[in-house]
Amino acid sequence: MAHVDPNFDVTKQKTKMFTGIFSAVVTPLTDGKVAPAKIEPYAELLAKDGVNGVFVTGTAGMSMSLTVKERKDLLEGWMKYGPRNGLEVIVHVGAQSVEDTKELARHAESVGVSAFSAICPSFFKPASTELLAEYMAEVASAAPKTPFLYYHFPEITGVMFPMAVVMEALYPCVPNLRGAKFTATNMWDLGDALDLQAKLGTEWDLMMGYEGQTMSVLPLGITAHIGIAFSVVGPVWNRMIRAYEAGNHQQVSKEQKTGREWFAMFAKICGLWQMTAATKIMMRARTGVDFGGMRIPQRNLTAKEESELEEAWRTFQADHPNLFENEGFLTKPKTPLTDFLTLPGASGNLNDAIKGRVAVMAAAVGMKEEDIYNVLPHVKKGDKRQRVTPKAVASYIDHTVLKPDATAKDVVKLCKEAAEHKFYAVCVNSSRVKQCADELRGTDVKIASVVGFPLGAMLTKAKAFETTEACADGATEIDMVLNIGQLLDGNYSAVLADIKAVVEAAAQKKATVKVIFETCLLTDEQIIDASILSAVAGARFVKTSTGFSKGGATPAAVDIMKTVVGDACLVKASGGVRDLETAIRYIEAGTDRIGTSSGIAIVKGGTAKGY
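Keep in mind that what you see is a predicted model, and the values were worked out from it rather than measured.

Engineer: I'm lost on unusual backbone geometry in this one. Help?
Structural biologist: In most cases, non-glycine residues show a negative phi, while peptide bonds are predominantly trans. Across the junction of Ile 296 and Pro 297, the peptide omega takes the value 20 degrees, indicating a cis bond. If you trace the backbone, Pro 297 turns up in the loop between helix H11 (275-287) and helix H12 (303-319). Phi is positive for Thr 57, close to 50 degrees, though the residue is something other than glycine. Here Thr 57 lies in the loop between strand S4 (53-56) and helix H2 (68-81). Positive phi, close to 60 degrees, is recorded for Met 62, a residue that is not glycine. Counting through the fold element by element, Met 62 comes out in the loop between S4 and H2.

Engineer: What should I look at first to understand the sheet that holds strand S16 (residues 541-543) in this one?
Structural biologist: To summarise the sheet geometry, strands pair through backbone hydrogen bonds and adopt either a parallel or an antiparallel arrangement. Taking strand neighbours around the barrel as the criterion, the 8 strands line up as S11-S12-S13-S14-S15-S16-S17-S18 in a closed arrangement whose pairing is parallel. This sheet shows a mean twist of 25 degrees between the axes of neighbouring strands, independent of strand direction. Here strand S12 (residues 425-429) runs beside strand S13 (residues 446-451); their pairing, made up of 5 bridges, is parallel. Across the sheet, residue Asn 429 finds its bridge partner in S13, namely Val 450.

Engineer: Hey, could you run me through the packing of aromatic side chains in this one?
Structural biologist: How two aromatic rings sit relative to each other is set out by the distance from centre to centre and by the angle between their planes. A complete count under the given rule lists 17 aromatic pairs for this structure. The interplanar angle of 65 degrees and the centroid separation of 6.2 Å between the aromatic rings of Tyr 171 and Trp 204 together place this pair among those described as edge-to-face. Taken together, the positions of Tyr 171 in the loop between helix H6 (163-170) and strand S8 (177-182) and Trp 204 in the loop between helix H7 (187-200) and strand S9 (205-208) put the pair 33 residues apart, joining distant regions of the chain. You can call Trp 204 buried: its relative accessible area is 1%. Among the aromatic side chains, those forming a connected cluster through ring pairs are Phe 230, Trp 237, Trp 262, Phe 263 and Phe 266. Taking NZ or CZ as reference, Lys 181 lies 5.2 Å from the ring centre of Phe 55, over its face.

Engineer: Would you explain the nonpolar core in this entry?
Structural biologist: Side chains of a nonpolar character, in soluble globular proteins, are inclined to be buried together. Counting residues in each nonpolar core, the largest one holds 112 residues, and the members touching the most others are Trp 78 and Trp 262. The element best represented in this core is helix H9 (residues 230-245), accounting for 8 residues. In this structure Trp 262 touches Ala 229, Val 232, Val 233, Thr 279, Met 282, Trp 313 and Phe 316, once residues within four positions along its chain are discounted. Of all hydrophobic cores here, the second largest spans 84 residues; its members include Ile 354, Val 433, Ile 532 and Ala 553.

Procedures and definitions
- Residues numbered from 1 in each chain as written.
- Predicted model: local features only at pLDDT ≥ 70, side-chain atom pairs only at ≥ 80, totals over all residues.
- Heavy atoms only, no water.
- Helix = DSSP H or I, 4+ residues; strand = E, 2+ residues; numbered from the N terminus.
- Pairing = 2+ DSSP bridges.
- Axes fitted to C-alpha atoms, helices over the stretch in contact; angles between N-to-C directions.
- Phe/Tyr/Trp six-rings, centres within 6.5 Å; stacked < 30°, edge-to-face > 60°.
- Buried < 20%, exposed > 50% of the residue type's maximum accessible area, 1.4 Å probe, protein only.
- Lys NZ or Arg CZ within 6 Å of the ring centre and 35° of its normal.
- Core = buried A, V, L, I, M, F, W, Y, C linked by side-chain atoms within 4.5 Å.
- Contact = heavy atoms within 4.5 Å.

The following block contains the structure:
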């Protein structure tokens, strides 16, 4: 059983939880039987391709052709291999029987999925939106602590109620409603759902379920997409989305054309509705793993179709030499934690890039390169960073409560847990520091206060003042947010001065400063720049994330940061570290501190939701 993070309350969640592309994964079979062991190479491929998450046992996963036990086994496989590869796991639990659906929902919550979804029954169809809402309310109540997504797919179910009407009916009776998977082409309906959420004062995760509609929904503000294509050609959609965000319409058109050509390539051979069988063939070519065939009444490809598809796929790749190129993503492809030590920094392949940025930073802030190398001598020498061995995991953890609705009772609980489990520190908003000092008096637990949180865009004087006040109240560590906008502007002198002001204010009370980068918003080069500036400014730590933006810590970001700062700074990974295995992997790779609200689950060997 997973340990559900007590700090996560889905009923109070009012902003989006998911962004990026989520693969509607196929179900691997061996001799017609479900084969969860094949999920490991599947997850690694998706992480390599920059996929953000998976949608398990949906239409592409043949959900209605699987037994309840098989669906549970598959989900457990994805929970084993998905999170360790940085993948969010959303599971579809819909079945023809409401009792089967509820059983799958309870199981989903027990293993700690990011969210669960249900399609409505298609044999005995609900006769009204009221009956549909009653059905979904009963299903959602089986997993009340887990975000629920309504699965809208009228073309398959034959249930034609507009999604906006359904969502309006669900809203008052499904407390854990977080959005919907919209697998339809009626953009008016989607627009009505967007208008409804604005009227209700919430922000749902409305996830587009048709890859071909990606460009139709981006202007509407849809930021999460689910599709089977992402199992094979996810980088195409990532490049398309990034090009749209950058206003590069020529690149958008190019990537959209590639996507259309991919669908046309296999549809010409076996028909568009054989996409699951075709996807398995192409995945076999990419991974070397046979993902098996289909279950009757769905058909397998003929030997002739398989042969033609294999040849067409080889030709398609040759005609698109940059098909799997990930360079330039705002959200970089995730790397399996088990491969941490093969990353560029750990293997010594980032040194030239770092030296190049040292020269740029020195010129920008009016320093000599040698002055920077005095802070970062290992960069000049070209040393590889070393692997470390973890001590007790609890001593690495900053036990965290930063949500805006945290109460005094929550802070009391946080402090008691930190003292009991011997966490290194608690991390709270500055207004809660004094309370923590009272609660933790007589213990060894340190107090960390965030400053300029979570945006980092306030005046430097305001950050310095907040630092002074937090230290006066008892904070011994300051987690400040970098001025991200100034960094993106290339105003490096302002960024350096901002960090220095906080470091100097903290120094009056001999407090440690950690600089939060928000790495999900930065390129690799910008992470290098931020690391150099933080070290030069005298910060003790560089830190990945606030936990309140598009993403948290990733192996790739930590690798860059650790490689740049060497022994000049320590590294804190925050956001997304929710289980013991992930925590240990980060520590082994050189992380010195972990910021998480999932500390209890980690030390108990479980998995939690939350920061």
